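As a plain string of letters, each chain reads:
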Amino acid sequence: MTANLIKKAAKRHFAREGYDGASLAAIASEVGIKKQSIYSHFSNKDHLFLTITEEIFSDEVNTIKIFFEENSGGSVKSTLYLFLTNYGERYESDEQTNFMLRNAFFPPKHLEDHVMQKLYGYYDQLEALLMEVLQDEKLVVSSTEAAIAFLGLFDAVIIEMLYGGKNRFNRRLEASWNIYWRGITKKAQAPCSEEERLSSQRPVATPFSPSS
């Protein structure tokens, strides 16, 4: 019971203040215990942080699975777009999402390898889920390529939100989304042949006009 209260309070502090700014004394005070009591459940600050990180990434995978199941009746296009907009809303209102994104993109230096291992594991599972969602869609690329490109778009808009806020997140999403969707669903114009290319470079003769 106490361990869960500690993790709940620590999640808020790590999300708001980052690893370096979060204080075990402040976390203990919020829970109503002495700082030394935290060590009965977690060996140190790193242990507490990594425990929360692992649980949050695991919870996030389950959250995404539920999201795709609940939206399976809608179009793939609207579902993927909603996935991105939901992240923007959750970052502002949900401490767990805030913690995950902030510390995934800006992990404490000495714990970076541990955090990135969890992040890449999460991305691998997200990629697999996206491939399932995309597999029956009429695409001009493979579902693997479409899923990987979506993760690139996801990274771009999340970075914009972390640095620039919600308005810049929305602006980048609106500018990027249609380009992404057209890119995976519409055939690009076939490249012109060498003969066509050379023909397009020849000077065009002006029409002959007989003098009066």
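Residues numbered from 1 in each chain as written. Predicted model: local features only at pLDDT ≥ 70, side-chain atom pairs only at ≥ 80, totals over all residues. Heavy atoms only, no water.

Side note on the overall build of the protein chain
The helix and strand tally for the protein chain stands at 10 helices and 0 strands. Walking the protein chain from its N terminus toward its C terminus, one meets helices and strands in the order α-α-α-α-α-α-α-α-α-α. Within the protein chain, the fraction of its 212 residues that count as buried is 35%. Expressed as a percentage of contacts within the protein chain between residues at least 6 apart in sequence, the contacts between residues at least 24 apart total 68%. Roughly 12,700 Å² of accessible area belongs to the protein chain as shown, and the carbon and sulfur atoms make up 50% of that amount. (Helix = DSSP H or I, 4+ residues; strand = E, 2+ residues; numbered from the N terminus. Buried < 20%, exposed > 50% of the residue type's maximum accessible area, 1.4 Å probe, protein only. Contact = heavy atoms within 4.5 Å. Areas by Shrake-Rupley, 256 points an atom, 1.4 Å probe, with all protein chains shown as cover.)

Digging into helix α5 (residues 76-93)
Between its first and last C-alpha, α5 extends 25 Å over 18 residues, near the 26 Å set by a 1.5 Å rise per residue. Restricting attention to buried positions, one finds in α5 the residues V76, T79, L80, F83, L84, T85, Y87, G88 and Y91. (Expected span 1.5 Å × (residues − 1).)

A short note on the nonpolar core
With 57 residues, the main nonpolar core has F83 and Y122 as its most contacted residues. Elements with a contribution of two residues or more to this core: α1 (2-21), α2 (24-31), α4 (45-70), α5, α6 (95-105), α7 (112-134), α8 (143-164) and α9 (166-185). The element that contributes the greatest number of residues to this core is α8, accounting for 10 residues. Other than its neighbours up to four places away in sequence, F83 contacts I64, F67, F68, L126, F150 and F154. (Core = buried A, V, L, I, M, F, W, Y, C linked by side-chain atoms within 4.5 Å.)

Description of the UniProt feature "DNA-binding region" (unreviewed entry) in the protein chain
Feature annotation in UniProt assigns "DNA-binding region" (unreviewed entry) to the following positions: residues 23-42. Counting secondary structure, residues 23-42 comes out at 60% helix and 0% strand; the distance between its end C-alpha atoms is 14 Å. (UniProt positions renumbered as here; feature names shortened; annotations may be inferred.)

Examining the side chain of E60
Inspection of the secondary structure assignment puts E60 in helix α4. Judged by relative accessible area, which is 2%, E60 ranks as buried. At a separation of 2.6 Å, a polar atom in the side chain of E60 contacts the side chain of R90. In this structure, E60 is in contact with Y87, R90, M100 and Y122, ignoring residues within four places of it in sequence. (Polar contact = N/O pair within 3.5 Å; in protein donor to acceptor, adjacent residues only side chain to side chain.)

A word on α8
An α-helix turns once every 3.6 residues. As a result, residues three or four positions apart point the same way. Its 22 residues place the ends of α8 31 Å apart at the C-alpha level, agreeing with the 32 Å of an ideal helix rising 1.5 Å per residue. Listing the buried residues of α8 in full gives A146, A147, F150, L151, L153, F154, V157, I158, E160, M161 and L162. On the buried face of α8, the contacting elements are α5, α6, α7 and α9.

Some words on the packing of aromatic side chains
According to the stated counting rule, one finds 20 aromatic pairs in the structure shown. Aromatic pair Y122 and Y123: ring centres 5.7 Å apart, planes at 40°, arrangement tilted. Taking 5.9 Å as the distance between ring centres and 65° as the angle between the ring planes, the aromatic pair formed by F150 and Y180 counts as edge-to-face. With a gap of 30 residues between them, F150 in helix α8 and Y180 in helix α9 connect regions that are remote in the sequence. (Phe/Tyr/Trp six-rings, centres within 6.5 Å; stacked < 30°, edge-to-face > 60°.)

Looking at empty space enclosed by the protein
Counted by the stated rule, this structure contains 1 cavity of 30 Å³ or more. Taken as a whole, the largest cavity holds about 40 Å³ of empty space. Looking at the lining of the largest cavity, the elements with two or more residues in it are α4 and α6. When grouped by side-chain class, the residues that make up the lining of the largest cavity number 7 nonpolar, 2 polar and no charged. (1 Å grid on protein atoms, 1.4 Å probe; cavity = no way out; pocket = protein on both sides within 12 Å on 5 of 7 lines; lining within 4 Å. Points joined across faces, edges and corners; volume = space filled by probe spheres on them. Nonpolar A, V, L, I, M, F, W, Y, C, P; charged D, E, K, R; others polar.)

Some details on the packing of α8 against α9
Here α8 crosses α9 at 165°, and the two axes come no closer than 8 Å. What the angle tells us is that α8 and α9 run roughly antiparallel. α9 is crossed by α8, and the crossing has right-handed handedness. Residues A146, A149, F150, L153, A156, V157, E160, M161 and G164 of α8 form the contact with α9, whose participating residues are K166, R168, F169, R172, L173, S176, W177, Y180 and I184. Per-class residue counts for the contact of α8 with α9 are 12 nonpolar, 2 polar and 4 charged. (Axes fitted to C-alpha atoms, helices over the stretch in contact; angles between N-to-C directions. Parallel < 35°, antiparallel > 145°, perpendicular 65-115°, else oblique. Left-handed = near helix turned anticlockwise from the far one by under 90°.)

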